[in-house]
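Topology and contacts: notes
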Amino acid sequence: MKHKKQTPVAEEESEQDQSNSQEDNGSNETTNGHLSEEDKEKGNLKNFTISKKSIKKLKAHNIEFLYPVQVKSYTTIYEQKDCLIQASNGAGKTLAFVIPIVELLQSDKSVQLVPGRGPRALVVVPTRESTKKVSDEFQSIVNDLSIATIFTTKKKSDDQETAITNGCDVLVATPDRLQEFIDNEKVDLSQLKHVVIDEIASMLESPVIDHIKTILKSVFTSGQETKAQLIISSESISDTVRKITKKYLTNDAVTINMAEKNAKEESDDDDEDSDEPMNGSSANGADKTNGAAKSLLSKQENFTTYQLTSSEEIKSVGFVFTMLRKCFGDDFDAKGTISQVAFTKDFLSAVFDLPSELDEQLQSYWKDSARIQMGPITELPELDEASMNDSSYSRGGNKPSRGGAGGAGGNRNAGRSSKNNSLICFFNYFLSLFLFLIL
């Protein structure tokens, strides 16, 4: 998976061009649109306790100012207060905790990195792809800190254990892998000063949430001299999240709700720009429940619906998985990530849902390809019902048979195809049984 770096802005470029280049706030693709001059002034890097070295590195990544969620949370995090940060995907939540944590760790000269020393900061993220993204954000601005990542892989590797054994300042981990390290006593969490649970709303299902609970219990009962700072960052902070984290947050924990502000601004814009009555559907075609947008195909929160189009007929779901591995790497768990794939009636396009956190990596990946096009969609195309409703097709099933021409002839062909498939399955069953008996 490739990390998208920003091209430095040439000095002779106009002030307007520089302002436009800031819209993604570094490697975080934001959805805030154009910031007002007032927001930019509030986010001026000189307004915050950020070292000159860090400012230089931030500007090298075209970050001239902090975004609103970063402005609101910086002082709270730098003063090491517990906090809950709620903001939409793409608002800049990652840098919101990365920058102040880096400043705190690098300013503490009393701690030396030695082999076996436990991390001073822990960031728990939902997926392997998230570990890469967050680790890259840290690496982009640190000067002399060691960053380690641990996540579950198909192939056994000692590199992750070695990184922990050598000692690290920041550990970025997925819940399942960190749980494994804790159970096998391969990581020391007693020296943690900062703990971040990132995108916790996407980790509320079992067994992931059980890992989160165990991790929090291990961190905050590991014999620390002082309690570690706890930062909860997510697109949504539900009552379930508050219940799980309440016992570990201090009484003066700060809640920073940028989603509420953005929702109000969007509502105001809708009132001004649209005369259509409210009908319960979202502007982009995705279903909504209690204000949370859901994907079009599998109706999941925090998922984006994508359409992959090929110049040739797509013969199986395996083609879709192969194209995704080209984007994310050979170890990308396509079957575990995608619960359903549906095809358009001409079988030239496939539709599926992916976690929204992957949107940044997929942006414009196939834009120069003459054969493949892939991007998010806001409403479903006309889909082949067999591929959409056949549960055996989900997670790598075979492409359903098509019934030829429409009308009665098409139905007869479909009937023959169904009977033929039944006979084939019947034959394969007895053949397998025969081979099993003789062998």
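For the structure given in this document, a descriptive report is provided here. Source: prediction; values computed, not measured.

Once their charged atoms are close, side chains differing in charge can pair, the charge on each being opposite to the other. Taken as a whole and judged by the stated rule, the model has 13 salt bridges. In this structure, Lys-93 and Glu-199 form a salt bridge, with 3.2 Å as the shortest nitrogen-oxygen distance. You can see Lys-93 sitting in helix H5 (residues 93-107) and its partner Glu-199 sitting in the loop between strand S5 (194-198) and helix H9 (208-219), a full 106 residues away along the chain. Each member of the pair, Lys-93 as well as Glu-199, is classed as buried. For Asp-169, the salt bridge identified is with Arg-117, shortest N-O distance 2.8 Å. Remark: Arg-117 occurs in the loop between H5 and strand S2 (121-124) and Asp-169 occurs in the loop between helix H7 (159-165) and strand S4 (170-173); sequence separation between them is 52 residues. Just as Asp-169 is buried, Arg-117 falls in that class too. It is possible to trace a salt-bridge network through shared partners that takes in Asp-108, Arg-117, Arg-120 and Asp-169.

In this section: the sheet that holds S5. Read across the open sheet, the seven strands follow the order S3-S4-S2-S5-S6-S1-S7; overall the sheet is parallel. Looking at which strands have only one partner, the edges of the open sheet turn out to be strand S3 (147-150) and strand S7 (254-257). Neighbour-to-neighbour, the strand axes of this sheet turn through a mean angle of 15 degrees, independent of strand direction. Across four bridges, the pairing between strand S1 (residues 83-86) and S7 is parallel.

Turning our eyes to something else, we now look at the pairing of S2. Each regular strand displays side chains that alternate between the two surfaces of the sheet. Side-chain alternation along S2 places Ala-121 and Val-123 on one buried face and Leu-122 and Val-124 on a second face that is also buried. Judged from the four bridges that link them, S2 and S4 form a sheet pairing that is parallel. Paired with Val-124 across the bridge in S4 is Ala-173. As paired strands, S2 and S5 are joined by four bridges and run parallel to one another. Looking at the pairing, Ala-121 lines up with His-194 of S5.

Criteria and cut-off values
- Residues numbered from 1 in each chain as written.
- Predicted model: local features only at pLDDT ≥ 70, side-chain atom pairs only at ≥ 80, totals over all residues.
- Heavy atoms only, no water.
- Salt bridge = Lys/Arg side-chain N within 4 Å of Asp/Glu carboxyl O.
- Helix = DSSP H or I, 4+ residues; strand = E, 2+ residues; numbered from the N terminus.
- Buried < 20%, exposed > 50% of the residue type's maximum accessible area, 1.4 Å probe, protein only.
- Pairing = 2+ DSSP bridges.
- Axes fitted to C-alpha atoms, helices over the stretch in contact; angles between N-to-C directions.

As far as function goes, none of this settles anything; it's purely spatial.
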